[in-house]
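Single-letter residue listing:
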Amino acid sequence: MTKKTESELVDRLAADAKAGRISRRQFLQYTMVAGMSASAGSLLWTSGVAAAVPKRGGTFRWGIHDGNTSDTHDPGTYVTRQMIFLAHQYRSYLTQIEPDNSLGPDLALSWEATPDAKQWTFKLNPNASFHSGRPVTAEDVVASLNHHRGEKTTSAAKSLLTDVKDIIAADKHTITVKLSGGNADLPWLMTDYHLAICPAKSDGTIDWKSGDGSGPYKIDSGKFGVSWNLSRHDGWHGKGAYFDAVEMVVLNDPNARQTALITGDVDCVSQVDLKTLNLLKRNPNIQVDNVPSGAAITMPMFCDTAPFNDVNVRNALKLSMDRQEIIDKIAFGAATMGNDFHLAPVQPYFPADIPQREYDPEKAKALLKKAGAEGLSVSLSTADSVFSGAVDMCVLYAEQAKKAGININVVREPNDGFYSDVWLKKPFTAVSWGARPTPDVMFTLAYKHDAAWNESHWKNERFNELLLQAKSELNQERRAEMYNEMCQLMRDDGGTLIPFFNNFVYARNKKVMHGLELAANWACDGARAPSRWWFA
Amino acid sequence: MSDVLKIIAKRLGLGFVTLLVISVIIFSAVEMLPGDIAEAVLGQGATKENVAAMREQLGLDRPAPVRYFEWLGNALTGDFGQSLVSQKPVSGAIAERFANTLFLALYAALIAVPIAILLGVLTALWRNSLFDRVANVATLTSISSPEFFLGYILILFLSVKTGYFPSLAKISADMTLWEKLDRMFLPALTMVLVVVAHMMRMTRSAIINLLASPYIEMARLKGVPGWRIIVRHALPNAWAPIINVIALNLAYLVTGVVLVEVVFVFPGIGQMLVDSVTKRDFPVVQACCLIFATTFILLNLAADVGAILTNPRLRHPK
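Residues numbered from 1 in each chain as written. Chains lettered and ligands numbered in written order. Predicted model: local features only at pLDDT ≥ 70, side-chain atom pairs only at ≥ 80, totals over all residues. Heavy atoms only, no water.

**Some points on the side chain of Thr69 of chain A**
1) Next: The topology assignment puts Thr69 of chain A in the loop between β1 (59–64) and α4 (81–90).
2) Next: A polar atom in the side chain of Thr69 of chain A sits 2.3 Å from the side chain of Asp275 of chain B.
3) Next: Once residues within four sequence positions are removed from consideration, Thr69 of chain A is found in contact with Phe224 and Gly225 of chain A together with Arg97, Gln271, Met272 and Asp275 of chain B. (Helix = DSSP H or I, 4+ residues; strand = E, 2+ residues; numbered from the N terminus. Polar contact = N/O pair within 3.5 Å; in protein donor to acceptor, adjacent residues only side chain to side chain. Contact = heavy atoms within 4.5 Å.)

**With respect to the interface of chain B and chain A**
1) Next: At the interface, 37 residues of chain B touch 40 residues of chain A.
2) Next: Summed over both sides, the interface of chain B with chain A buries roughly 3100 Å², with 55% coming from carbon and sulfur.
3) Next: One can count three salt bridges joining chain B with chain A.
4) Next: Across the salt bridge formed by Asp265 of chain A and Arg183 of chain B, the nearest N and O atoms sit 4.0 Å from each other.
5) Next: Inspection of the chain B/chain A interface yields four residue pairs in polar contact (both at pLDDT 80 or more).
6) Next: The greatest single-element share of the side of chain B that touches chain A, amounting to five residues, is contributed by helix α3 (residues 48–58) of chain B.
7) Next: In terms of residue class, the side of chain B that touches chain A is built from 17 nonpolar, 11 polar and nine charged. (Buried area = accessible area lost by both parts, 1.4 Å probe. Salt bridge = Lys/Arg side-chain N within 4 Å of Asp/Glu carboxyl O. Nonpolar A, V, L, I, M, F, W, Y, C, P; charged D, E, K, R; others polar.)

**Thoughts on the packing of helix α7 (residues 147–161) of chain B against helix α9 (residues 185–210) of chain B**
Residues and elements named next belong to chain B.
1) Next: Put simply, α7 and α9 touch, their axes get as near as 9 Å, and they point 130° apart. On the basis of the axis angle, α7 is oblique to α9. The two elements α7 and α9 cross, and the hand of that crossing is right-handed. Where α7 abuts α9, its residues Glu147, Leu150, Gly151, Leu154, Ile155, Leu158 and Ser159 lie against Leu186, Leu189, Thr190, Leu193 and Val194. (Axes fitted to C-alpha atoms, helices over the stretch in contact; angles between N-to-C directions. Parallel < 35°, antiparallel > 145°, perpendicular 65-115°, else oblique. Left-handed = near helix turned anticlockwise from the far one by under 90°.)

**Looking at the confidence of the model for chain A**
1) Next: A residue-level look at chain A finds 90% of positions with pLDDT of 70 or above and a mean pLDDT of 89.
2) Next: Between residues 33–50 of chain A, whose pLDDT stays under 50, and residues either more than four places distant or in other chains, the model counts 23 contacts. (pLDDT = per-residue confidence, 0-100.)

**Here we look at the pattern of salt bridges**
Side-chain pairs of opposite charge can arise where the charged atoms are in close proximity.
Residue and element names in this part refer to chain A.
1) Next: Applying the stated criterion across every chain, the model contains 30 salt bridges over all chains.
2) Next: A salt bridge links Arg528 to Asp106; its shortest N-O distance comes to 3.3 Å. Placement of the pair is Arg528 in the loop between α17 (523–527) and α18 (529–532) and Asp106 in the loop between β3 (103–105) and β4 (108–113), with a sequence separation of 422 residues.
3) Next: For Asp106, a relative accessible area of 5% translates into the label buried.
4) Next: One connected set of salt bridges, linked through shared partners, spans Arg323, Asp340, Arg357, Arg491 and Asp492. (Buried < 20%, exposed > 50% of the residue type's maximum accessible area, 1.4 Å probe, protein only.)

In structure tokens form, the structure reads like this:
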């Protein structure tokens with residue numbers, strides 16, 4: 001790397017950092033990977049948040065989006081943010097993603113694997129108790145995990161635990177999970193929002209209806225789709241829970257959310273409308289948190305269907321997108337640029353040394369010529385409900401692709417049933433994905449040759465071989481190398497165009513404080529704002 | 001009076017048949033929507049086996065007519081079943097929300113109806129005056145704007161800029177009546193603005209129509225003052241159409257509030273209906289729609305009975 005490009009890169013990263021597109025941690029990560037000194041960059045954050053000592057007290061009023069009247073406490077059917085955010089307050093998980101995006105303990109104090117990663121043992125925190133007063137034991141954990149397994153289960157997390165052969169309560173505070181194949185990521189999987197620990201009943205099933213849990217806050221009253229009143233669980237096993245009480249209010253309407261924050265009816269909202277973000281930032285009483293996440297917008301093309309069966313056509317389509325323009329105009333800057341492999345910079349094993357694919361219509365034209373597909377014309381399906389601006393993004397992309405001589409016909413599909421009738425059925429679509437904790441989960445779910453959701457019908461032998469190897473590899477260095485190679489394969493051979501990873505953008509009243517880093521798995525510090533944040 | 005009772009009985013019978021037809025239409029409409037409850041509940045993360053397991057658990061694998069008649073049989077005995085999603089009785093879930101909606105409708109109606117009739121009478125009295133013009137333009141503007149827009153405008157000026165009223169209409173059972181009325185003022189005002197124009201214009205034109213009749217001319221010749229002609233002579237004969245319009249608007253206050261509920265985050269029945277439709281939760285959708293239909297049928301009946309009572313001639317149709 002020459003001196004000139006190096007300083008250009010630092011400038012670009014610094015600009016991104018100032019605009020809030022990347023975090024301090026990422027900045028350091030990028031610059032370190034590039035072998036640069038980041039002394040200039042480290043000044044960027046010093047003026048921002050000073051580490052403060054958390055204070056106890058107050059009622060945290062939290063306006064959340066995406067809540068439905070018909071939601072339930074059943075962890076197997078968790079799907080809306082209301083269910084997921086609530087679950088992180090009144091229930092516990094075995095492990096959790098920490099604010100710095102590393103893996104940390106929740107109910108489990110420690111965990112270890114056999115060398116083949118086929119058997120994992122979790123040690124429970126003996127101080128953990130349910131709100132009803134009963135201690136949390138290994139039986140509860142076994143029953144809670146079994147809720148998502150077996151023939152009869154209706155849990156959406158079933159596919160996550162297919163490798164699990166048996167779950168045994170070795171003693172009161174020890175659980176052993178036996179797998180049919182090695183999986184080095186099992187402790188990460190335990191952070192999945194479905195795998196909440198509920199009290200077990202005597203018949204080995206769980207009591208999910210009562211709303212009893214072992215989380216930092218217990219439910220005093222509430223209704224799905226309206227609001228929830230919670231108060232601190234004094235016997236909580238974790239550190240934090242500074243607020244005395246938490247009030248969660250479902251505010252589905254973006255305007256209602258923002259108004260409530262401005263008028264002081266709530267202290268924090270879980271999502272703000274990007275179109276009015278800059279107006280909101282002008283309000284001196286409000287702080288906006290713009291946190292890069294692992295949630296992605298993907299545009300899969302069927303690799304077994306003409307014209308996408310030619311890798312040159314796929315790469316031409318990937319080269320025909322001006323991602324910067326799309327991020328600026330569609331995501332209003334609140335996104336991290338994608339590089340056509342499904343792993344975001346905030347996620348573990350992110351390969352920072354793979355060069356960014358730039359907008360290059362000339363190169364795309366050359367590739368099309370090589371493929372004999374000049375004047376390519378394709379249809380691209382999406383729906384308004386995929387994400388705010390989905391159709392606009394596709395129309396903008398169609399304009400950009402014209403320069404490469406590609407004609408993209410954007411099809412706006414109905415919102416209703418988009419994921420059952422269009423996704424996985426039409427050869428070229430634009431869809432949105434929530435973040436998965438590890439590359440293994442994501443790749444197994446949507447890029448493995450035989451995955452039900454292999455949305456691009458991509459079958460790369462080397463990739464699938466590496467995927468299996470990496471899964472049971474406990475050596476971190478070797479693992480990182482494997483994921484690096486897999487990402488390179490996805491980028492250069494895969495059938496998925498990834499425009500960007502969308503940030504979580506949420507806002508709080510200035511009197512609400514948080515630590516220096518914010519977890520990237522869910523909005524509001526991994527949905528754990530009530531137990532991690534405090535009032536100034 | 002017995003003829004009125006006969007009419008009421010006949011209309012109630014017809015209303016029941018209407019409800020049956022509506023329940024069939026709603027059932028088929030929910031069935032025809034793409035996707036089903038199992039897919040909707042489990043979301044994007046579900047596999048084929050999950051969906052199949054849930055369908056079996058909910059009995060969705062049986063043919064549609066069987067499920068409909070099973071529901072109908074229970075409904076006729078007063079059991080509206082359980083929500084397929086939450087497994088809780090429909091009646092319990094709906095009761096509280098419907099009470100909230102009725103409360104808001106009543107609140108809005110108590111403000112809107114007197115204002116509308118008063119404005120109607122005044123504009124008829126001073127027709128074509130500046131007052132008439134201003135009242136007409138103002139009410140027509142408010143009825144022509146979408147409810148959510150009116151709501152946003154009110155929030156902007158009465159809540160964000162001045163802080164007079166709260167923008168969130170979240171009410172709970174432990175609030176005093178006064179607190180509730182304060183919290184609900186902006187949504188009620190929005191609905192008032194939406195319904196006033198219709199009732200006011202009908203009052204005005206019904207009265208003006210009558211002002212050309214010979215008996216009004218007689219009264220005028222006798223020297224009765226203008227306001228007295230309208231209130232004592234014209235208004236009693238104009239009630240029938242006015243009552244009809246009021247009934248229609250009251251029905252609208254109950255059934256047409258979804259947007260207002262969303263904007264002000266009011267826990268009413270409209271939001272529940274929308275949520276249930278997205279989840280294909282048929283028993284809840286059915287119960288909500290039947291409540292709406294019943295509201296319309298009963299208010300229409302009330303309007304007709306009211307019209308008959310104010311105009312005895314209608315009791316003896318030729």
